[in-house]
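One-letter residues, chain by chain:
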Amino acid sequence: MVGERHLRHVLLSYMRYYNGTRTHLSLNKDVPISRAVETAGRILCRPILGGLHHQYARI
């Protein structure tokens, strides 16, 4: 059942994705919470928001 608790969880998940992972054109394709560029290692794909989006990171 979808209730207030579920909605809060979904909105907080999206907020974390939007501010920490999603690139923004106005920030020259950077994220609001900047991170170092990773140049070496294997690339892993992690589903976000139930698989609606994916985050790619090197390990």
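Residues numbered from 1 in each chain as written. Predicted model: local features only at pLDDT ≥ 70, side-chain atom pairs only at ≥ 80, totals over all residues. Heavy atoms only, no water.

### Details of the layout of surface pockets
Here is step 1: Size it by volume and the largest pocket reaches roughly 270 Å³.
Here is step 2: Around the largest pocket, the lining residues are Thr-21, Asp-30, Arg-35, Ala-36, Val-37, Glu-38, Gln-55, Tyr-56, Ala-57 and Arg-58.
Here is step 3: Its residues assigned to classes, the lining of the largest pocket shows four nonpolar, two polar and four charged.
Here is step 4: Looking at the second largest pocket, its volume works out to about 170 Å³.
Here is step 5: Every residue along the wall of the second largest pocket is listed here: His-9, Val-10, Ser-13, Arg-16, Tyr-17, Thr-21, Arg-46, Ile-48, Leu-49 and Gly-50.
Here is step 6: Where the lining of the second largest pocket is concerned, the elements lending two or more residues are helix H1 (4–20) and strand E1 (43–48).
Here is step 7: With five residues, the top contributor of residues to the lining of the second largest pocket is H1. (1 Å grid on protein atoms, 1.4 Å probe; cavity = no way out; pocket = protein on both sides within 12 Å on 5 of 7 lines; lining within 4 Å. Points joined across faces, edges and corners; volume = space filled by probe spheres on them. Nonpolar A, V, L, I, M, F, W, Y, C, P; charged D, E, K, R; others polar. Helix = DSSP H or I, 4+ residues; strand = E, 2+ residues; numbered from the N terminus.)

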